[in-house]
Amino acid sequence: MQINRRMEWELAKRVASYVVALLAATFFLTACSPKLDWRTVQSPQENYSALFPGKPEKLDRKIPYQGREIPQTLEAVKVDDDIYSVSATQLNQNQVEFLPSLLGQLQDNLFKRANVNLDSAASADAFYQTASRQKIAIKDYFLEFPSTGAIETSMRVRWITRMTPERGAWVYQISVLHTAPARVEPKKFFSEEAYLNFFDEFRPE
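None of the values given here were measured: they were computed from a predicted structure.

Chemist: An account of the layout of surface pockets is needed here, citing residue identities and associated values.
Modeler: Estimates place the volume of the second largest pocket at around 180 Å³. As for the second largest pocket, its lining consists of Gln45, Glu46, Lys58, Asp60, Arg61, Lys62, Pro71, Gln72, Thr73, Gln90 and Trp170. If you list the elements that add at least two residues to the lining of the second largest pocket, you get β3 (57-65) and β4 (68-79). When residues in the lining of the second largest pocket are grouped by element, the largest group, 4 residues, is from β3. In the lining of the second largest pocket, the residues fall into 2 nonpolar, 4 polar and 5 charged.

Chemist: Would you mind going over the sheet that holds strand β2 (residues 48-52) in detail, with residue names and values included?
Modeler: Strand order in the open sheet made by the 3 strands is β1-β2-β10, with antiparallel pairing throughout. Bordering the open sheet on either side are β1 (39-43) and β10 (203-204), each of which pairs with just one other strand. Here β2 runs beside β10; their pairing, made up of 2 bridges, is antiparallel. Among the inter-strand pairings, Tyr48 is bridged to a residue of β10, identified as Pro204.

Chemist: Please give an account of the side chain of Arg203 that cites residues and values.
Modeler: Relative to the assigned elements, Arg203 resides in strand β10. Residue Arg203 is classed as buried on the basis of its relative accessible area of 15%. One polar contact links Arg203 to Glu201, side chain to side chain, over a distance of 3.3 Å. Excluding anything up to four places from it in sequence, Arg203 contacts Asn47, Tyr48, Ser49, Gln129, Thr130, Ala131 and Arg133.

Chemist: I'd like to hear about the environment of Ser132, residue by residue, with values.
Modeler: When you line up the elements, Ser132 lands in the loop between β6 (122-129) and β7 (135-145). Among the residues examined, Ser132 registers a relative accessible area of 61% and is labelled exposed. C-alpha separation for the pair Ser132 and Arg203, spaced 71 residues apart in sequence, amounts to 8.7 Å. Engagement of the side chain of Ser132 in a polar contact is seen with the side chain of Thr130, the distance being 2.9 Å.

Chemist: Got a sec to walk through helix α4 (residues 193-200)? Specific residues and values, please.
Modeler: Those residues of α4 that fall on the buried side of the exposure criterion are Ala194, Tyr195, Phe198 and Phe199. Taken end-on, α4 shows its buried residues confined to a sector of 125°, consistent with a single buried face. Lining the buried residues of α4 we find β2, β5 (82-91), β7, β8 (152-163), β9 (169-180) and α3 (186-189).

Chemist: Give me the nonpolar core: which residues, what numbers.
Modeler: Ranked by size, the top nonpolar core spans 25 residues in total, and within it Phe52, Tyr84, Val86, Tyr172, Ile174, Phe198 and Phe202 carry the most contacts. Contributions of two or more residues to this core are made by β2, β4, β5, β7, β9 and α4. Every residue in contact with Phe202, bar those within four places of it in the chain, is listed here: Tyr48, Ser49, Ala50, Val86, Gln129, Ile160, Tyr172 and Ile174. One finds Ile70, Leu106, Trp159 and Ala169 within the second-largest nonpolar core, a separate group that totals 21 residues.

What counts and what doesn't
- Residues numbered from 1 in each chain as written.
- Predicted model: local features only at pLDDT ≥ 70, side-chain atom pairs only at ≥ 80, totals over all residues.
- Heavy atoms only, no water.
- 1 Å grid on protein atoms, 1.4 Å probe; cavity = no way out; pocket = protein on both sides within 12 Å on 5 of 7 lines; lining within 4 Å.
- Points joined across faces, edges and corners; volume = space filled by probe spheres on them.
- Helix = DSSP H or I, 4+ residues; strand = E, 2+ residues; numbered from the N terminus.
- Nonpolar A, V, L, I, M, F, W, Y, C, P; charged D, E, K, R; others polar.
- Pairing = 2+ DSSP bridges.
- Buried < 20%, exposed > 50% of the residue type's maximum accessible area, 1.4 Å probe, protein only.
- Polar contact = N/O pair within 3.5 Å; in protein donor to acceptor, adjacent residues only side chain to side chain.
- Contact = heavy atoms within 4.5 Å.
- Arc of directions from axis to C-beta.
- Core = buried A, V, L, I, M, F, W, Y, C linked by side-chain atoms within 4.5 Å.

As structure tokens, then:
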């Protein structure tokens, strides 16, 4: 049991580190993205559709674990000071037992960077719609990261988990990362229409 927990923790750390690294890479790769140019992006392999304000870059890899591979993808686009992103991590029926620890580590990784936890982080009740238009309650989190002196960074993020017919699961992380010289009040700032469109139009199957 102790060995399994250690393996779960290592897997979750790898996944969390990968998402952070991809966000950083996307920041540089798409630094010249155009202004808002909304388009619906279908991702049938990841079982969702999303409304992006530009053409996103798509990165993917498979994380090795106990002789198996866990697929993970990131679609992201940078527009001005914002990175809009959707990451999707897939667990099959033999890996789905790791869902709680994986989700917890994904959340904890960002919360620790913002010096908060699940209870103290600023949040707001929201909902998302599935592809079949079913409304499901969810919670969004608003994070402010420590200043580097030159830039201020904040984020709105939500996590959605969906079970699959094959008894596996998807973990989706939908976020907008804002980086600029001036600090913003996240709850008010991320309530602007452009951000609402992005979050409201994410539709998992």
